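Working through the structure, step by step
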Amino acid sequence: MKISEFRKLIREEIRRVLQEDIRVTEKNGDILSADIMADGVKVGVVDMESYDDGKTYTISGSNIDEKFRGRGLYGKAIFQILDKYPNIAIYSAFRSPEADRAWTALMQKLGNSYDIKKIRQDGELVYKITKK
């Protein structure tokens, strides 16, 4: 690959990343919601509910338009939520191939700012993520 082609790819990737936006749109008591935007259009959502203290949230639903899957938008949403609300813990009990891929990718991208644990809760495998 020529240097000019490489530079073009880098510029396109930067443009793509800059056009993706995660917006925590609601945190109202027991409800927390984040819209996932790309190119100014809503392409997904992550919804969470807290069932006790407002500090422990369980993902109650998530969806990303198929054309935008594989970009890491789900993980970006989770990380941004934790950055905005560092005192909460997020649990995911969803067990589907898509959920497993998303959480495996999250574990690979953690860095030093977040902590993910796999735990057994009521006989089910659950992921728990917190900000360190």
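Throughout what follows, the structure given in this document is the object of discussion. Quantities reported herein were computed from a predicted structural model and do not represent experimental measurements. (Residues numbered from 1 in each chain as written. Predicted model: local features only at pLDDT ≥ 70, side-chain atom pairs only at ≥ 80, totals over all residues. Heavy atoms only, no water.)

**Description of the environment of Leu82**
Tracing the backbone shows Leu82 in helix α2 (residues 73-84). A C-alpha to C-alpha distance of 8.5 Å links Leu82 and Tyr114, two positions 32 residues apart in sequence. Among residues more than four places away in sequence, those in contact with Leu82 are Ile88, Ile90, Tyr114, Ile129, Thr130 and Lys131. (Helix = DSSP H or I, 4+ residues; strand = E, 2+ residues; numbered from the N terminus. Contact = heavy atoms within 4.5 Å.)

**A look at the layout of surface pockets**
A volume near 550 Å³ is recorded for the largest pocket. Taken together, 22 residues form the lining of the largest pocket, with Ile64, Tyr74, Glu98, Ala99 and Ala102 sitting closest to its centre. Of all the secondary structure elements, the ones that give two or more residues to the lining of the largest pocket are β4 (56-64), α2 and α3 (97-108). Here the lining of the largest pocket gets six residues from one element, more than from any other, and that element is α3. By residue class, the composition of the lining of the largest pocket is nine nonpolar, seven polar and six charged. (1 Å grid on protein atoms, 1.4 Å probe; cavity = no way out; pocket = protein on both sides within 12 Å on 5 of 7 lines; lining within 4 Å. Points joined across faces, edges and corners; volume = space filled by probe spheres on them. Nonpolar A, V, L, I, M, F, W, Y, C, P; charged D, E, K, R; others polar.)

**Observations concerning the packing of α2 against α3**
At a closest axis distance of 9 Å, the pairing of α2 and α3 adopts a crossing angle of 60°. In terms of their interaxial angle, α2 and α3 are classed as oblique. Between α2 and α3 lies a crossing whose hand is right-handed. Contacts from Tyr74, Gly75, Ile78 and Phe79 of α2 reach α3 at Ala102, Trp103 and Leu106. When grouped by side-chain class, the residues that make up the contact of α2 with α3 number six nonpolar, one polar and no charged. (Axes fitted to C-alpha atoms, helices over the stretch in contact; angles between N-to-C directions. Parallel < 35°, antiparallel > 145°, perpendicular 65-115°, else oblique. Left-handed = near helix turned anticlockwise from the far one by under 90°.)

**Quick look at the pattern of salt bridges**
Under the counting rule described, the total for this entry stands at three salt bridges. Lys42 is the partner of Asp35 in a salt bridge, and the nearest nitrogen-oxygen pair spans 3.2 Å. Asp35 gets classed as buried once you look at its relative accessible area, which sits at 16%. The class for Lys42 is partly exposed, based on a relative accessible area of 47%. Notably, a salt bridge pairs Asp83 with Lys131, separated by 2.8 Å at the nearest N-O pair. Here Lys131 lies in strand β7 (residues 124-131) and Asp83 lies in helix α2, a separation of 48 residues in the sequence. What makes Asp83 partly exposed here is its relative accessible area of 41%. (Salt bridge = Lys/Arg side-chain N within 4 Å of Asp/Glu carboxyl O. Buried < 20%, exposed > 50% of the residue type's maximum accessible area, 1.4 Å probe, protein only.)

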